[in-house]
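This is what each chain is made of:
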Amino acid sequence: MKKFLSILAICFSFLTSLTAQNIWKPFSIYGCDYIGTTSDGSVFAASYGDLYRFQSEGTGTTFNMVLEDQCFNTSGCTINRNDRIFITNSPIVLYSDDYGDSWQQTSPIPATSWVRGLYSKSNNVFLGWTTNEIFWTLDGGSTWEMKTLGYGSISCVLITDTDDVFTSIYGNNPTTSGIYHSSLSNMQNWNLAAFQRSSIHQMIMHPDGSIIASNCGGQISGFHHEPGFYLIDGTTNEYGMVHDIAIS
């Protein structure tokens, strides 16, 4: 009987742990744009130039402000795998290594227009982009380099674990849109990698290393696959942002 009760207790504990992993705890970030989550469970969101951190479990709705009047372009904010938070505020990039409690800044970035996005591979290697410029650093923001691309408007840039760099292009020019490839060691040179003539508005990296992109217009439609790349149809709203993707 005691053995049976012990086994029953272990089973109940196991089932309880499985159930706990599927509990969703809602919280409100109304009026804010979600930025990301750090490994300590902090959730970051931004609104009207301010960055907020939410750390409570349950159904709390209160964020604490950790940065004021700095986060004006939420697409230029990111959190990397080391929990470093990056905020672009031209001509500098602000970053925090203690979940937003304190901030440091890089040297001035070389971008000549509004920063549209930021991507960080590590604390030393990160890059950003404007409509047609890519700027990057390999030393944590002490020095920068930049490349102007003449293919169209940049929608996204990704860096792989093997230091390959991919940028997606969208626009009305059907001959230069698509996905382009470079490497961190030679970012001044780019080559077409996949899906020429497709206007790509969004691009993410699959855990297996493949690139998944959404197509909004151009000469390619439906579902397409090339080695290492997948393309699916997407639609955009009035702001040009992808809001619906359907695989056909």
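Observations regarding the overall build of the chain
Next up, step 1: Counting secondary structure elements, the chain contains one helix and 21 strands.
Next up, step 2: When burial is assessed residue by residue, the chain has 42% of its 248 residues classed as buried.
Next up, step 3: Excluding contacts between residues fewer than 6 apart, the proportion of contacts in the chain whose partners are at least 24 apart in sequence is 35%.
Next up, step 4: Approximately 13,500 Å² of the chain is accessible, and the part contributed by carbon and sulfur atoms is 53%.

With respect to the sheet that holds strand β16 (residues 191–194)
Next up, step 1: Sheet architecture is open: four strands sit in the order β13-β14-β15-β16, paired in antiparallel fashion. Since the sheet does not close on itself, it has two edges, and those belong to β13 (153–159) and β16, each with one partner. On average, each strand axis in the sheet is tilted by 35° relative to the strand beside it, whichever way the strands run.
Next up, step 2: In this structure, β13 lies alongside strand β14 (residues 164–170), joined through six bridges in antiparallel fashion. Note that in β14 the partner of Cys156 across the bridge is Ser168.

What to know about the packing of aromatic side chains
Think of a pair of aromatic rings as described by two things: how far the centres are apart, and how the planes are tilted against each other in angle.
Next up, step 1: All chains considered together, the criterion is met by six aromatic pairs.
Next up, step 2: With a centroid separation of 3.9 Å and an interplanar angle of 5°, the aromatic rings of Tyr151 and Tyr180 are classed as stacked. A residue pair is termed long-range when its members are at least 10 positions apart, and Tyr151 in the loop between β12 (145–148) and β13 and Tyr180 in strand β15 (residues 178–183) qualify at 29 residues.
Next up, step 3: In this structure Tyr180 comes out as buried when scored by relative accessible area, which is 6%.
Next up, step 4: In textbook terms, an aromatic cluster arises when at least three aromatic residues are bridged by ring pairs, as seen for Phe86, Phe126, Phe135 and Trp144.

Examining the nonpolar core
Next up, step 1: Membership of the largest hydrophobic core comes to 15 residues, with the highest contact counts inside it found for Leu127, Ile134, Ile154, Val157, Val165, Met187 and Trp190.
Next up, step 2: Secondary-structure elements contributing two or more residues to this core are β10 (126–129), β11 (133–137), β13 and β14.
Next up, step 3: With three residues, the single largest contributor to this core is β13.
Next up, step 4: Contact partners of Ile154, with chain neighbours within four places excluded, come to Arg116, Trp129, Thr130, Thr131, Asn132, Glu133, Ile134, Leu149, Thr167, Ser168, Ile169 and Tyr170.
Next up, step 5: The next biggest cluster of nonpolar side chains, apart from the first, holds 13 residues, and it includes Ile35, Leu67, Ile85 and Ile92.

Section: the pattern of salt bridges
Next up, step 1: Counted by the stated rule, this structure contains four salt bridges.
Next up, step 2: A salt bridge links Arg81 to Asp161; the nearest nitrogen and oxygen atoms lie 3.4 Å apart. Here Arg81 is found in the loop between β5 (77–79) and β6 (85–89), whereas its partner Asp161 is found in the loop between β13 and β14, with 80 residues between them in sequence. Residues Arg81 and Asp161 agree in their burial class; the two are exposed.
Next up, step 3: Its salt-bridge partner being Lys121, residue Asp163 comes within 2.2 Å of it at the nearest N-O pair. Of this pair, Asp163 sits in the loop between β13 and β14 while Lys121 sits in the loop between β9 (117–120) and β10; the two residues are 42 residues apart in sequence, bridging distant segments of the chain.

What counts and how
- Residues numbered from 1 in each chain as written.
- Predicted model: local features only at pLDDT ≥ 70, side-chain atom pairs only at ≥ 80, totals over all residues.
- Heavy atoms only, no water.
- Helix = DSSP H or I, 4+ residues; strand = E, 2+ residues; numbered from the N terminus.
- Buried < 20%, exposed > 50% of the residue type's maximum accessible area, 1.4 Å probe, protein only.
- Contact = heavy atoms within 4.5 Å.
- Areas by Shrake-Rupley, 256 points an atom, 1.4 Å probe, with all protein chains shown as cover.
- Pairing = 2+ DSSP bridges.
- Axes fitted to C-alpha atoms, helices over the stretch in contact; angles between N-to-C directions.
- Phe/Tyr/Trp six-rings, centres within 6.5 Å; stacked < 30°, edge-to-face > 60°.
- Core = buried A, V, L, I, M, F, W, Y, C linked by side-chain atoms within 4.5 Å.
- Salt bridge = Lys/Arg side-chain N within 4 Å of Asp/Glu carboxyl O.

By themselves these figures say nothing about function.
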